[in-house]
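The primary structure of each chain is shown beneath.
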Amino acid sequence: MGAQYAAAGVANDDWATARLTFTSLKFISGGYREQCLLESKDTDSYLRMRHQQGPSSVDVVGVAADELAYAFALRVGQATRIRTIVDRTLAANETNLAVHKFIHADAASLATGAYSDLTAVEAVRFTQSLWTSLAVAQIMVAASVREYDYAKVPLLEPASLSESTRVQYPFA
């Protein structure tokens, strides 16, 4: 999806924009589910964590504030902004894969891998922060191609991605 998003006119397409951000939001939620699985002792504690403490374990406001400060410090044109978000999306996918390979590696790999200074829970929290930052950036780019009108930024309804999933405008 990321490379397609850079194509001419696609950044203005509400479905493509909503789908791109949906992917980041899905990975935030999935990362928290995985964290709950790693930290819970049984089904009841998993359900308690997942439904009473979620949907993420990262400081969403803090991550968003950092992302906003970073974005406002940049002085780039629209084409560069779109290309950058595509590159960041691809990089987040690669990092997420590397982190999950680390989490599910054998004991010898865990001691020497790229993320060996993190516990499995810390690594999953790292991916949640990564995807949260990216989602904020994706929303800001979506607003920028819509005359900075956040009311026009599309997201997909929080449901399974299917043909019946609808685009919505939660900032309106």
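Everything below is about the structure printed above this text.
Residues numbered from 1 in each chain as written. Predicted model: local features only at pLDDT ≥ 70, side-chain atom pairs only at ≥ 80, totals over all residues. Heavy atoms only, no water.

S.K.: Explanation requested: unusual backbone geometry in the structure shown.
M.R.: With glycine set apart, most residues show a phi of negative sign, and most peptide bonds adopt trans. For Glu 147, which is not glycine, the phi torsion reads 60 degrees and is therefore positive. Positionally, Glu 147 belongs in the loop between helix 7 (120–144) and strand 1 (155–156). Its identity as a non-glycine residue notwithstanding, Tyr 148 has a phi of 60 degrees, on the positive side. (Helix = DSSP H or I, 4+ residues; strand = E, 2+ residues; numbered from the N terminus.)

S.K.: Would you explain helix 4 (residues 60–73) in this entry?
M.R.: Here helix 4 is 14 residues long and its end C-alpha atoms lie 20 Å apart, about the 20 Å a rise of 1.5 Å per residue gives. Buried residues of helix 4: Val 63, Ala 64 and Glu 67, and no others. Down the axis of helix 4, the sector holding all buried residues measures 95 degrees, keeping them to one side. Every exposed residue of helix 4 that faces more than 90 degrees away from the buried side is listed here: Val 61, Asp 66, Ala 69, Phe 72 and Ala 73. On its buried face, helix 4 is in contact with helix 5 (78–103) and helix 7. (Expected span 1.5 Å × (residues − 1). Buried < 20%, exposed > 50% of the residue type's maximum accessible area, 1.4 Å probe, protein only. Arc of directions from axis to C-beta. Contact = heavy atoms within 4.5 Å.)

S.K.: Explain the nonpolar core here, please?
M.R.: One broad trend across soluble globular proteins is that nonpolar side chains are buried collectively. Judged by nonpolar contacts, Ala 11, Ile 28, Ile 82, Ile 85, Val 86, Ala 92, Trp 131, Leu 134, Ala 135, Ala 137, Val 141 and Val 145 together constitute the single largest core of 12 residues. Only helix 5 and helix 7 provide two or more residues apiece to this core. With five residues, helix 7 is the largest single contributor of residues to this core. Val 99, Ile 103, Ala 123 and Val 124 belong to the second-largest nonpolar core, a separate cluster that totals six residues. (Core = buried A, V, L, I, M, F, W, Y, C linked by side-chain atoms within 4.5 Å.)

S.K.: Explain the packing of helix 2 (residues 14–39) against helix 3 (residues 43–52) to me, please; I cannot follow it from the model alone.
M.R.: Packed helices, taken two at a time, are described by the angle their axes make and the gap between the axes. Closest axis-to-axis distance for the helix 2/helix 3 pair is 9 Å, and the angle between their directions is 150 degrees. For the pair helix 2 and helix 3, the sense of crossing is right-handed. Contact residues: helix 2 offers Ser 29, Tyr 32, Arg 33, Gln 35, Cys 36, Leu 37 and Glu 39, while helix 3 offers Tyr 46, Met 49 and Arg 50. Across the contact of helix 2 with helix 3, the residue classes break down as five nonpolar, two polar and three charged. (Axes fitted to C-alpha atoms, helices over the stretch in contact; angles between N-to-C directions. Left-handed = near helix turned anticlockwise from the far one by under 90°. Nonpolar A, V, L, I, M, F, W, Y, C, P; charged D, E, K, R; others polar.)

S.K.: For this particular structure, what's the right way to read the pattern of salt bridges?
M.R.: Proximity of charged atoms lets side chains of opposite charge pair with each other. The tally for this structure, following the rule as stated, stands at four salt bridges. Residue Glu 67 pairs with Arg 88 through a salt bridge whose shortest N-O separation is 2.7 Å. Residue Glu 67 is found in helix 4, and its partner Arg 88 is found in helix 5; the two are separated by 21 residues along the sequence. Residue Glu 67 is classed as buried on the basis of its relative accessible area, which comes to 5%. A relative accessible area of 25% places Arg 88 in the partly exposed class. For Arg 166, the salt bridge identified is with Glu 157, shortest N-O distance 3.0 Å. Note on Glu 157: relative accessible area 16%, which makes it buried. (Salt bridge = Lys/Arg side-chain N within 4 Å of Asp/Glu carboxyl O.)

Note that all results are geometric; they support no functional claim without further evidence.
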